[in-house]
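# An overview of the molecular structure
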Amino acid sequence: MHAIPMVVRNYPSGVCAFLLGASLALRAFGAEAPPPRQPAPSPEQPAVEQHFKAEQQTSEGSVSIGGRNIDYQALAGTLVIHPKGWDDVPQNADKDKPVPEASMFYAAYFAKGAKAERRPITFLYNGGPGSSTVWLHMGAFGPRRVVTASDTHTAAAPYEIVPNEYSLLDVSDLVFVDAPGTGFSRIGGKDKEREKAFYGIDADAQAFVDFIYQFLSRYERWNSPKFLFGESYGTTRNAVVVNLLQSERFVDVNGVIDLSQAQLWEDLPDFEDANPGSDLVFVLGLPTFAATAWYHHALAPDAPRELEALLKEVEQFATSEYLVALQAGAGLDAAERRSIVRKLNRYTGLPEATIEKANLRISGGVFEKHLKGDSDVTVGRLDSRFSGPTMDPLSKAADYDPQEAAIGSAYVSALNKYVRSDLKFGADRTYKPEIDVFPVWNFQHQAPGIPAALPLTPNVLPDLAAAMKRNPQLKVMFNSGYYDIATPFFATLYERDHLSIPEKLRANVEVALYESGHMVYAHEASHRALHDKVASFIQRASAEPAAATQRDR
């Protein structure tokens, strides 16, 4: 659960898990972590009221991955983060107006016995905006994971928490980070100042840049290969963060890993009403609808029986006949319209009457609600393999997400148990899996080369492109599930092909697709494949810069 909230459909803020953890890398792994470094206030400046202080709890564990046992040191703690422009010695401090600051929680895992300069470190986070990183931590890559049902509602507690054989600790140290205000992360300061300081595309990215910069110093990881892993809105964050790290902080990153991509928001099915007249979203969502209909055995009898053949045919139709028909608008010939309706019925399983009422433009919510025809069943948004009872049979679109309802309790319960019993943190605190910041989130973004933030539909592809141009050795990996309606896989392919980068850099981008949904790791076979592909990516991207340097000598 970590998808961009379904504001258009008035959903509760989806588990936007659109992720991040790592363990102390001292020269002698297993030594106690150094105490937090607190800058002394300047004698020439009044002391600024501080809301938080850095914290840290240390523990140990082990996990078996691929038959190899890995002992690790775990650190659960917080770092204190400030908005852009903060200095160690603040100027013109006003005690009556405390500067906003955030205490950002992390769970970090460091493999014992490894040399920091040889050991990659990966920062992981979910998205939302407004989601903690419980989903990536307890479902994908932490050393422990919660077991959930593959495509049905997971039974209530007790939940099974097991060693995670798909953790990425076999190839990288891990740092799972909660965004300001989520999880155990907290924000101090007056309400409006707090929102301005941390709730927005650019403000949020600055907070994560500050966190990563501090973490590298505190745990002496400056010379480690560095990776960013973002899920859902975390991929929006990834593009901005990697560009800021490299352009403003001179921190080159080895690789950026996106899961369930959301970088060009115009192509997200939940925002079709935000940009009327643009039909791209309907084209890019159609293959996911077809895959979902295939999974639920709702296709027309004459549709291809194999998923791969079906998707190839639908992608061709979507980018040719369907796109031309949508662009024709009200001028579409009646006979051509009838032909398109029949083909949409064939590929999606939706009743022809529903397609006509939708004016050929099938939104995610309409598809989820009406795939089963007049039945009282709604399919999932984050993972359309899931389905559940319809909340309101008379509603136009789906009213909730069956996958979020099916596994949310398991993840949150497991995290609350694990972090307190194993990581020894947060005994008297409330863990916030999600907070509702969407209504106050500042979506204006100042893209590279643009003199001001612009009020446009979010698009951070220019940020990723700028980062790749600045660092031509930066590697990028996109991962998407066929059954993800929130961030469709065909949109991921579109974004890959529309990155404004030189042709020679396109070899630096790779894509992996899975028979799963938004949370690819919710399907065990896909989870295994995700681990293997990401682990290979990290290993290759860690080795190639050194090899390139040797070649240049």
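For the structure itself, consult the block above.
Residues numbered from 1 in each chain as written. Predicted model: local features only at pLDDT ≥ 70, side-chain atom pairs only at ≥ 80, totals over all residues. Heavy atoms only, no water.

Let us look at the side chain of threonine 122. Structurally, threonine 122 can be placed in strand E4 (residues 121-125). A polar contact is formed between the side chain of threonine 122 and the side chain of serine 172, at a distance of 2.8 Å. (Helix = DSSP H or I, 4+ residues; strand = E, 2+ residues; numbered from the N terminus. Polar contact = N/O pair within 3.5 Å; in protein donor to acceptor, adjacent residues only side chain to side chain.)

What follows is about the packing of aromatic side chains. Across all of its chains, the model carries 30 aromatic pairs by this definition. Centroid distance tyrosine 125 to phenylalanine 208: 5.0 Å. Interplanar angle 65°. Geometry classified as edge-to-face. Note that tyrosine 125 is positioned in strand E4 and phenylalanine 208 in helix H3 (residues 201-218), a separation of 83 residues in sequence. An identical accessibility class is assigned to tyrosine 125 and phenylalanine 208; each is buried. Each member of the aromatic cluster is reached from another via a ring pair, and the members are Tyr106, Phe110, Phe123, Phe211, Phe215 and Tyr219. Against the face of phenylalanine 110 rests arginine 221, its NZ or CZ located 5.0 Å from the ring centre. Taking the ring centre of tyrosine 213 as reference, the NZ or CZ of arginine 249 above it sits at 4.7 Å. (Phe/Tyr/Trp six-rings, centres within 6.5 Å; stacked < 30°, edge-to-face > 60°. Buried < 20%, exposed > 50% of the residue type's maximum accessible area, 1.4 Å probe, protein only. Lys NZ or Arg CZ within 6 Å of the ring centre and 35° of its normal.)

For the pair helix H1 (residues 134-141) and helix H10 (residues 402-421), interaxial distance at closest approach is 10 Å and the crossing angle is 90°. Taken as axis vectors, H1 and H10 run roughly perpendicular relative to one another. Here H1 contributes Val134, Trp135, His137, Met138 and Gly139 to the contact with H10, which in turn contributes Gly408, Tyr411, Val412, Ala414, Leu415 and Tyr418. For the contact of H1 with H10, the residue count by class is 8 nonpolar, 3 polar and no charged. (Axes fitted to C-alpha atoms, helices over the stretch in contact; angles between N-to-C directions. Parallel < 35°, antiparallel > 145°, perpendicular 65-115°, else oblique. Contact = heavy atoms within 4.5 Å. Nonpolar A, V, L, I, M, F, W, Y, C, P; charged D, E, K, R; others polar.)

We now examine a nonpolar patch on the surface. A cluster of nonpolar side chains, Ile450, Leu454 and Leu456, forms an exposed patch at the surface whose accessible area comes to about 250 Å². With respect to the element layout, isoleucine 450 can be found in the loop between H10 and helix H11 (461-470). Isoleucine 450 gets classed as partly exposed once you look at its relative accessible area, which sits at 33%. (Patch = residues over 30% accessible without salt bridge, like charges linked within 9 Å, V, L, I, M, F, W, Y side chains within 5 Å. Areas by Shrake-Rupley, 256 points an atom, 1.4 Å probe, with all protein chains shown as cover. Salt bridge = Lys/Arg side-chain N within 4 Å of Asp/Glu carboxyl O.)

Glancing now at the nonpolar core. If you look at the biggest cluster of nonpolar residues, it comprises 61 residues, and the most contacted ones within it are Phe123, Phe211 and Phe215. Ranked by residue count, the leading element in this core is H3, at 9 residues. Apart from residues lying up to four places away in sequence, phenylalanine 211 is in contact with Leu79, Ile81, Met104, Tyr106, Phe123, Val175 and Val177. Core analysis: the second largest hydrophobic core is formed by 54 residues, Val171, Leu259, Tyr411 and Ala414 among them. (Core = buried A, V, L, I, M, F, W, Y, C linked by side-chain atoms within 4.5 Å.)

Structurally, tyrosine 483 is set in the loop between strand E13 (475-481) and helix H12 (489-497). Residue tyrosine 483 is classed as buried on the basis of its relative accessible area of 1%. When the C-alpha atoms of tyrosine 483 and phenylalanine 289 are compared, they prove to be 7.9 Å apart, with 194 residues separating the residues in sequence.

Here we take up the pattern of salt bridges. If charged atoms from side chains of opposite charge come close, those side chains can pair. Counted according to the given criterion, the structure contains 18 salt bridges. Taking the shortest distance from any N to any O, the salt bridge between arginine 221 and aspartate 173 comes out at 2.9 Å. Of this pair, arginine 221 sits in the loop between H3 and strand E9 (226-231) while aspartate 173 is found in strand E7 (residues 173-177), placing the two residues 48 residues apart along the sequence. Owing to a relative accessible area of 0%, arginine 221 belongs among the buried residues under this scheme. Beyond isolated ion pairs, a larger network of salt bridges with shared partners links Arg119, Asp173 and Arg221.

Right, let's talk about the side chain of glutamine 246 for a bit. Mapped onto the elements of the fold, glutamine 246 is located in helix H4 (residues 233-248). Accessibility expressed as a relative area gives 2% for glutamine 246, which makes it buried. Setting aside anything within four residues of it in sequence, one finds glutamine 246 in contact with Val251, Asp252, Val253, Ala467, Arg470, Asn471 and Leu474.

Turning our eyes to something else, we now look at H10. Between its terminal C-alpha atoms H10 stretches 30 Å, which fits the 28 Å expected from 20 residues at 1.5 Å a residue. Maximal helix bending in H10 amounts to about 40°, located at glycine 408. Pro402, Gln403, Glu404, Ala406, Ile407, Gly408, Ala410, Tyr411, Ala414, Leu415, Tyr418 and Val419 are the residues of H10 that are buried. Contact partners of the buried residues in H10: strand E3 (101-111), H1, strand E5 (144-146), strand E6 (161-163), strand E11 (377-379) and strand E12 (387-389). (Expected span 1.5 Å × (residues − 1). Bend = angle between axes of the 7 residues up to and from the residue.)

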